[in-house]
Amino acid sequence: MGKFTNRNVAKCAARMGQCFSSTYATVAVSPSKVDFDFPDVKRNGYTFSDGIGIISEDLAMQVAAKLQLTDNPPSAYQIRFAGCKGVVACWPRNDDKIKLSLRPSMNKFHSEHTIVEVCSWTRFQPGFLNRQIILLLSALGVRGDIFWKMQESMVSNLDQMMENADVAFDILTTSCADEGNTGAIMLSAGFRPQTEPHLRSMLTCIRAAQLADLREKARIFVPSGRWLMGCLDELGVLEQGQCFVQVSRSCLENCFSKHGSRFSETKNLQVVKGLVIVGDRPHTDEASGSDLDGDLYFVAWEDVLIPPGKRSWPPMEYTAAPVKEQTRPVTHLEIIDFFTKNMVNENPGIICNAHVVHADSSPYGALDEKCLKLAELAALAVDFPKTGKVVTMPNDLKPKMYPDFMGKADNHSYKSDKILGKLYRRIMDVYDENTFTSSDLDFGPRDIVYDTDLEVLGSDEFINEAWGLKCSYVGQVYGLLAQYKVSKEAEIVTGHVWSIPKYSSRKTGELKEKLKHAYSCLKREFRQHFDKLTPSVDELSDEEKNDLYEKKASAWYRVSYNSEWVKRSLDLQGPDGERHADPSLSFAWIPSDYLARIKVRRGRKRNGEHLHKPIDSLANYLSERLEL
């Protein structure tokens, strides 16, 4: 693991816990190619570069290759390396020998581990409001009817998505991140939920999950908004109060970039404004006392969400609690004792809930004195795992009654007359529990329509391999469903998990992220199986290779959808009582890009249409390159 010399029990435990982060192991880097003393930017008692370093462009591409992200390589990674933690962003350096430049603020303990372990990376992450953001914007003067109209627009789209393919395509490409790509490709290629059960299940899960998030979190989609990873202006170009924001948009064409020279990568970036780290105090610190070691920032350029007169409020001073150090090394028993205290005193959620209650009940909203005090306590409570400072909420700040939107028992609730209450009741009045257990999610073997358009002559040579891989894949998918107690395959495929048992909000969120991570690894593993052809194909042209891949994709589809193979799959599951309710179909769509090629070719040969709506953009793109 490493050498842990910190003599504060909380910090020592946190440093040890760093070794157990969920990461992807990527590339080994020799210490001779790492600058561990890249200077921090310090001024006025603040570290403006806290938690961020630099990665060379060539090493960044090697890491992207390991993660299979070369189609759209990230510009920054959150990493763990040799006892260091934080973000490394792509910037050129004068010294070509140095591949990683790590600042002292990133170095937490000594370790000789030399593999770049990646926690996360920059990618398309749609922007959503939540209760806390709505409370704060309301306090700054944004009218409640703005949020009401945004929710009504979102709900209207969700209600249309099962029948209106254009609306469904828009939802998948704007609010579903990369998990929506498969469904969007299917829609653009001509598949429809009325006849395609896997597509119908995916759309139903997305609708159910987004409605559930509206009900439980006021999670309203912001079209002109993103969650972004913060980075440092290494060149010092930005001035105080300025920031640079570059966002990506969904680009289905890039899913085809490996199909040969005709399918070149499409750049789909938009520059909006940006992220400031210069001046008297880091703007990251002003934003909830955050830093640059991987924190995400909600950024919106939706005019209606900008407070009247661009009103703001002086940022709170986030002064960390003093850290007490021992005169001797920390023992294992002390760490165990600390963890038990951490479990008992882990109450940031309780404090944040109290903040919501007082903001809702006070005419001053989030600017109420009690809310300001709770904000200070929350900042201290969040740091408990690092400082060991126990935070106790005074009795006068503990809520006696809760607004109805927090879902407490009736005898502990009151009807909120503010915007969060109105938004909540709007969802509750229209949707009941049946909305989240829709019959659209249930289908049997008789509901599976086999699309003969996807039959390709010569696919038989791949059929046995496809069957063996499918059996392995389905077993692992069912294992994930059982492990996380999730009902439907489409939930883990889309990342819109709504049936997972309700624990604490934090625990449920962590379980959902672990499930997404597990399925992402599984899908990546089987895509590698699909991409693997015999060495003799290296001499073939791009089009000859694509012909083989289309045959292989057709075989994967047949073992998933053909009635004979569906029956064989169900027979393998054992007696009826041991069977899963629905056949597994997602295996077929791991190579959705090649199934889309086949479908578009057959469809365009029949009707020759070239339409010009957003949903048709991918089909038009493929038609041009396939010369249809």
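These numbers were taken from a predicted model, which means no experiment stands behind them.

## Describing the overall build of the protein
- Of the regular secondary structure elements, the protein holds 20 helices and 16 strands.
- For the protein, the C-alpha radius of gyration of 26 Å lies close to 25 Å, the compact-globule estimate for 628 residues.
- Projected onto its principal axes, the C-alpha positions of the protein cover 75 × 65 × 50 Å.
- Every one of the 628 residues in the protein was classed for burial, and the buried ones make up 50%.
- A total accessible area of about 30,800 Å² is found for the protein, and carbon and sulfur atoms account for 52% of it.

## Some remarks on the nonpolar core
- With 116 residues, the main nonpolar core has Leu129, Ile134, Phe147, Tyr473, Ile492, Trp589 and Leu622 as its most contacted residues.
- Those residues in contact with Ile492 that lie beyond four places of it in its chain are Val477, Leu480, Leu481, Val486, Leu515 and Tyr519.
- Residues Val27, Ile55, Val88 and Val118 belong to the second largest nonpolar core, which totals 23 residues.

## Concerning the side chain of Lys99
- Residue position: Lys99 is located in the loop between β7 (84-90) and β8 (100-101).
- Residue Lys99 is classed as buried on the basis of its relative accessible area, which comes to 19%.
- At 2.7 Å, the side chain of Lys99 forms a polar contact with the side chain of Asp58.
- Setting aside residues no more than four positions away along its own chain, Lys99 makes contact with Val29, Lys33, Ile54, Ile55, Ser56, Asp58 and Leu59.

## A look at the packing of helix α14 (residues 463-484) against helix α18 (residues 563-572)
- For the pair α14 and α18, the least separation of the axes is 12 Å and the interaxial angle reads 35 degrees. The interaxial crossing formed by α14 with α18 has right-handed handedness. From α14, Ile463, Trp467, Lys470 and Cys471 reach across to α18, where they touch Trp565, Arg568, Ser569 and Leu572.
- Residue composition of the contact of α14 with α18, grouped by class: 5 nonpolar, 1 polar and 2 charged.

## Here we look at α18
- Buried within α18 we find Trp565, Val566, Ser569 and Leu570. The arc that holds the buried residues of α18, viewed along the axis, is 140 degrees, so those residues lie on one side. Summarising the geometry of α18, the exposed residues directed more than 90 degrees from the buried face are Lys567 and Leu572.
- Near the N-terminus of α18, the side chain that reaches the backbone nitrogen of Glu564, with its oxygen 3.0 Å away, is that of Asn562.

## Some details on unusual backbone geometry
- With a phi close to 60 degrees, Gln68 is a non-glycine residue in the positive phi region.
- Relative to the helices and strands, Gln68 resides in the loop between α2 (57-66) and β6 (76-81).
- Positive phi, normally seen in glycine, also occurs at Ala82, with a value near 50 degrees.
- Structurally, Ala82 can be placed in the loop between β6 and β7.
- Classification of Ala82 by relative accessible area gives buried; the value is 10%.

## Some remarks on helix α6 (residues 181-189)
- The buried fraction of α6 amounts to 9 of the 9 residues, a majority that puts the element mostly inside the structure.
- Listing the buried residues of α6 in full gives Asn181, Thr182, Gly183, Ala184, Ile185, Met186, Leu187, Ser188 and Ala189.
- Note on α6: the residue one or two positions beyond its end, Gly190, has a positive phi of about 115 degrees.

## Description of the pattern of salt bridges
- Applying the stated rule across the entire model yields 23 salt bridges.
- Residues Glu152 and Arg426 are paired through a salt bridge, measuring 2.6 Å at the closest nitrogen-oxygen approach. Linking Glu152 in helix α4 (residues 144-160) with Arg426 in helix α13 (residues 419-430), this pair joins segments that are 274 residues apart in sequence.
- Owing to a relative accessible area of 25%, Glu152 belongs among the partly exposed residues under this scheme.
- Ionic pairing is found between Asp571 and Lys567, a salt bridge with its closest N-O pair at 3.1 Å. Pair noted here: Asp571 and Lys567 are both in helix α18, with a separation of 4 residues, about one helical turn.
- Take Asp571: its relative accessible area is 42%, and that puts it in the partly exposed class.
- When salt bridges that share partners are traced, they join Glu543, Glu550, Arg597 and Arg601 into one network.

## Points about the confidence of the model for the protein
- Across the protein, the average pLDDT comes to 86, with 91% of residues at 70 or higher.
- Across residues 273-279, where pLDDT falls below 50, the model places 37 contacts with residues more than four positions away in sequence or in other chains.

## Section: the environment of Ser617
- Tracing the backbone shows Ser617 in helix α20 (residues 617-625).
- Residue class for Ser617 comes out partly exposed when judged on its relative accessible area of 32%.
- A C-alpha to C-alpha distance of 48 Å links Ser617 and Tyr318, two positions 299 residues apart in sequence.
- Apart from residues lying up to four places away in sequence, Ser617 is in contact with Ser188 and Glu253.
- At 2.8 Å, the side chain of Ser617 and the backbone oxygen of Pro614 are in polar contact.

## Things to note about the packing of aromatic side chains
- As enumerated under the stated definition, the model contains 17 aromatic pairs in all.
- Seen in terms of ring centroids, Trp227 and Phe298 are 5.4 Å apart; in terms of plane orientation they differ by 50 degrees. Their pairing is tilted. Pair noted here: Trp227 is in strand β11 (residues 221-229) and Phe298 is in strand β14 (residues 296-300), with a separation of 71 residues, a long-range link.
- Accessibility expressed as a relative area gives 25% for Trp227, which makes it partly exposed.
- Consider the rings of Tyr473 and Phe526, whose centres lie 5.3 Å apart with planes at 80 degrees: the pair is edge-to-face. Here the residue Tyr473 occupies a position in helix α14, and Phe526 occupies one in helix α16 (residues 505-531), the gap between them amounting to 53 residues. Judged on exposure class, the residue Tyr473 and its partner Phe526 are both buried.
- Taken together through their ring pairs, the aromatic side chains of Tyr473, Phe526, Phe530, Tyr549, Trp556, Phe587 and Tyr594 make up a single cluster.
- For the cation-ring pair, Lys408 lies above Tyr402, with the distance from its terminal atom to the ring centre recorded as 5.0 Å.
- Arg568 extends its terminal NZ or CZ atom over the ring of Trp467, reaching a point 4.9 Å from the ring centre.

Cut-off values and rules
- Residues numbered from 1 in each chain as written.
- Predicted model: local features only at pLDDT ≥ 70, side-chain atom pairs only at ≥ 80, totals over all residues.
- Heavy atoms only, no water.
- Helix = DSSP H or I, 4+ residues; strand = E, 2+ residues; numbered from the N terminus.
- Rg over C-alpha atoms; globule rule 2.2 N^0.38 Å.
- Buried < 20%, exposed > 50% of the residue type's maximum accessible area, 1.4 Å probe, protein only.
- Areas by Shrake-Rupley, 256 points an atom, 1.4 Å probe, with all protein chains shown as cover.
- Core = buried A, V, L, I, M, F, W, Y, C linked by side-chain atoms within 4.5 Å.
- Contact = heavy atoms within 4.5 Å.
- Polar contact = N/O pair within 3.5 Å; in protein donor to acceptor, adjacent residues only side chain to side chain.
- Axes fitted to C-alpha atoms, helices over the stretch in contact; angles between N-to-C directions.
- Left-handed = near helix turned anticlockwise from the far one by under 90°.
- Nonpolar A, V, L, I, M, F, W, Y, C, P; charged D, E, K, R; others polar.
- Arc of directions from axis to C-beta.
- Salt bridge = Lys/Arg side-chain N within 4 Å of Asp/Glu carboxyl O.
- pLDDT = per-residue confidence, 0-100.
- Phe/Tyr/Trp six-rings, centres within 6.5 Å; stacked < 30°, edge-to-face > 60°.
- Lys NZ or Arg CZ within 6 Å of the ring centre and 35° of its normal.

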